[in-house]
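# Remarks on the overall topology
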Amino acid sequence: MMKIMMFFLFMLPFSLNNKFWIFQIFLFLGSFIFLFMGGYCYEWINVSYNLSIDLLSFSLILLTLWICSLMLLSSYLIYMQNNYIKLFIFMVWSLMVFLLMTFMVTNLFLFYLFFECSLIPTLFLIMGWGLQLDRIQASLYLLFYTLFASFPFLLSIMYIYNSYNTISFFMFFEGLINLDFFYLYICLIVSFLVKMPMFLVHLWLPKAHVEAPVSGSMILAGIMLKLGGYGLLRVFSILLKLSMKFNFIWLSVSIVGGLLISLICLFQIDLKSLIAYSSVAHMSMLLGGLMTLTNWGICGSFLLMISHGLCSSGLFCLVNIIYERMGSRSIMINKGLINYMPSMSLWWFLLCSSNMAAPPSLNLLGEIMLINSIISWSNFTLLMLIFLSFFSASYTLYLYSYTQHGLLNFNIYSFTQGYLREFILLILHWIPLNLLIINNEMFIMWI
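Residues numbered from 1 in each chain as written. Predicted model: local features only at pLDDT ≥ 70, side-chain atom pairs only at ≥ 80, totals over all residues. Heavy atoms only, no water.

Per an unreviewed UniProt entry, the chain goes by NADH-ubiquinone oxidoreductase chain 4 and derives from Analcellicampa danfengensis. The UniProt entry for the chain carries the following text under Catalytic activity (unreviewed entry): "a ubiquinone + NADH + 5 H(+)(in) = a ubiquinol + NAD(+) + 4 H(+)(out)". The record held by UniProt for the chain lists under Sequence similarities (unreviewed entry) the comment "Belongs to the complex I subunit 4 family." (UniProt positions renumbered as here; feature names shortened; annotations may be inferred.)

See below:
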């Protein structure tokens with residue numbers, strides 16, 4: 001683990017100059033180096049002082065490196081306008097390092113520390129390169145929702161250390177640490193429920209997405225939402241007794257909330273807002289499956305974390321491609337785009353079909369496993385899951401058909417087709433999203 005961290009520290013000088021493409025090439029190189037290091041093992045490997053990875057960490061670190069590489073590829077306009085490019089690259093680098101450390105550490109306090117530190121570069125990305133005046137309000141929503149929810153988590157870490165003299169993940173099993181206080185259970189999981197986000201505490205996410213630049217939206221949807229799922233998977237190993245009693249609360253709220261959010265998606269006219277709310281709907285199904293604590297539920301939530309990170313990031317890239325040409329994200333203005341950009345319309349179709357869990361995407365496998373786990377927990381959830389899946393297809397088809405078909409917008413006098421850079425960006429989202437299903441056993445081995 002120290003080797004990979006030294007490689008990314010070596011990249012620091014490149015983040016402090018204008019060599020945009022050199023930094024991006026090093027990021028892609030780091031992704032492939034880490035891929036071939038071989039973390040295909042369900043046990044902890046590469047153990048060093050407070051740093052280690054297992055299959056869960058390995059997959060999320062690889063996703064972090066991949067999304068950070070594509071963030072630079074999508075932010076070409078910042079490079080062309082020389083919009084504080086050195087500071088932007090440094091923010092991407094620092095965010096990447098904080099996220100890598102969050103997934104690598106094996107100490108609960110260090111996890112909390114880097115979990116909070118990853119907020120700072122995200123905050124700067126939204127406030128510094130955001131697109132509208134409401135970005136300051138959106139940044140403060142993001143900051144205070146996460147900080148206030150995380151403070152009880154810090155207190156619970158202190159209590160665990162004071163009572164059991166350890167906060168190491170290696171010692172997290174029910175026989176050693178046996179937590180039986182309801183308040184401690186709430187304190188440990190509430191920050192992760194806000195980060196996912198669960199329905200009722202999701203209001204920061206649409207605001208942050210709408211105001212963020214494309215790179216901020218990609219990292220928020222691709223990685224930051226997955227921190228909540230990662231944290232829950234880690235702490236539930238010491239909360240099994242309490243989880244069996246109280247998880248039905250969060251499962252019920254998430255399933256009902258996912259259905260309501262899916263209906264809200266059908267009323268959106270801002271493309272970014274629609275994709276942001278669809279992320280909340282997908283996370284609600286993920287949270288519901290995770291709360292069952294079955295093998296299928298945990299494997300399915302792990303699968304959906306990876307697949308949703310790639311799919312929603314690709315959709316935000318498509319919205320940005322349109323925004324750079326039209327100057328608007330309104331669904332009322334962006335109509336009939338299949339006439340202007342027919343080749344880009346293919347990528348809209350491919351990513352929208354993945355978003356509604358069509359084969360052969362990873363979303364399909366993840367949602368099948370989650371639906372099985374939730375129905376095995378209670379047959380009464382079947383009707384809710386039917387409507388949740390139906391409305392998921394409805395708002396995705398609404399997104400695709402309203403943007404690509406319909407009357408032409410005759411106010412457009414000149415228009416550029418997609419650039420090679422944009423097609424490469426979309427291909428690099430779509431290929432892992434649809435080809436990883438061939439090697440899906442690596443996601444199931446983690447349990």
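## Some remarks on the overall build of the chain
Looking only at helices and strands, one finds 21 helices and 2 strands in the chain. By principal-axis analysis of the C-alpha atoms, the chain measures approximately 70 × 55 × 40 Å. Per-residue burial over the chain gives 60% buried out of 447 residues. With the model as given, the accessible surface of the chain reaches about 17,400 Å², and the carbon-plus-sulfur share is 73%. Distance between charge centroids for the chain: 8 Å, based on 15 positive and 12 negative side chains. (Helix = DSSP H or I, 4+ residues; strand = E, 2+ residues; numbered from the N terminus. Buried < 20%, exposed > 50% of the residue type's maximum accessible area, 1.4 Å probe, protein only. Areas by Shrake-Rupley, 256 points an atom, 1.4 Å probe, with all protein chains shown as cover. Lys, Arg positive; Asp, Glu negative; His and termini not counted. Charge placed at Lys NZ, Arg CZ, Asp CG, Glu CD.)

## Quick look at the nonpolar core
By size, the foremost hydrophobic cluster in this structure holds 150 residues, and its most contacted members are Leu108, Phe111, Ile189, Leu232, Leu239 and Trp348. Ranked by residue count, the leading element in this core is helix α15 (residues 295–326), at 17 residues. (Core = buried A, V, L, I, M, F, W, Y, C linked by side-chain atoms within 4.5 Å.)

## What about the packing of aromatic side chains?
Any pair of aromatic rings gets described here by the distance separating the centres and the angle formed by the planes. Across all of its chains, the model carries 28 aromatic pairs by this definition. Ring plane angle 25° and centroid distance 5.0 Å describe the contact between Phe34 and Phe58, whose orientation is recorded as stacked. Of this pair, Phe34 sits in helix α3 (residues 20–37) while Phe58 is found in helix α4 (residues 55–74), placing the two residues 24 residues apart along the sequence. There is no split in this pair, since Phe34 and Phe58 are both buried. Seen from their ring centres, Phe182 and Tyr185 are 6.1 Å apart, and the 35° between their planes marks the pair as tilted. Placement of the pair is Phe182 and Tyr185 together in helix α10 (residues 182–195), with a separation of 3 residues, close to one helical turn. On the basis of relative accessible area, Phe182 is assigned to the partly exposed category, the value being 33%. (Phe/Tyr/Trp six-rings, centres within 6.5 Å; stacked < 30°, edge-to-face > 60°.)

## Let's talk about the pattern of salt bridges
Enumeration according to the criterion identifies 4 salt bridges in this entry. Notably, a salt bridge pairs Asp54 with Arg234, separated by 2.9 Å at the nearest N-O pair. With Asp54 in the loop between β2 (51–53) and α4 and Arg234 in helix α12 (residues 214–235), this pair connects stretches of sequence that are 180 residues apart. Like Arg234, Asp54 is buried. (Salt bridge = Lys/Arg side-chain N within 4 Å of Asp/Glu carboxyl O.)

## Some words on the side chain of Glu367
With respect to the helices, strands and loops of the structure, Glu367 is situated in helix α18 (residues 362–377). As a buried residue without a salt bridge, Glu367 has its nearest oppositely charged side chain in Lys226, at a separation of 12 Å. Ignoring any residue separated from it by four or fewer positions in sequence, one finds Glu367 in contact with His282, Met285, Leu304 and Ala357. (Contact = heavy atoms within 4.5 Å.)

## Looking at a nonpolar patch on the surface
Among the surface-exposed residues, Met127, Ile136, Leu140, Phe144 and Phe148 lie close enough to one another that they form a single nonpolar patch of about 500 Å² accessible area. The element best represented in the nonpolar patch is helix α9 (residues 135–164), accounting for 4 residues. A residue is classified by how much of its surface remains accessible, and Phe144, at 41% relative accessible area, is partly exposed. (Patch = residues over 30% accessible without salt bridge, like charges linked within 9 Å, V, L, I, M, F, W, Y side chains within 5 Å.)

## Focus: the packing of helix α6 (residues 85–104) against helix α8 (residues 119–129)
Two numbers describe how α6 lies on α8: the axes approach to 9 Å, and their chain directions differ by 155°. With respect to each other, α6 and α8 are oriented roughly antiparallel. In the crossing of α6 with α8, the sense of the turn from one axis to the other is left-handed. Residues Leu87, Phe88, Met91, Ser94, Leu95 and Phe98 of α6 lie in contact with α8, whose contacting residues are Pro121, Thr122, Phe124, Leu125 and Trp129. (Axes fitted to C-alpha atoms, helices over the stretch in contact; angles between N-to-C directions. Parallel < 35°, antiparallel > 145°, perpendicular 65-115°, else oblique. Left-handed = near helix turned anticlockwise from the far one by under 90°.)

## Focus on helix α13 (residues 240–265)
Between its terminal C-alpha atoms α13 stretches 35 Å, which fits the 38 Å expected from 26 residues at 1.5 Å a residue. Helix geometry: α13 is bent most strongly at Phe246, by close to 55°. (Expected span 1.5 Å × (residues − 1). Bend = angle between axes of the 7 residues up to and from the residue.)

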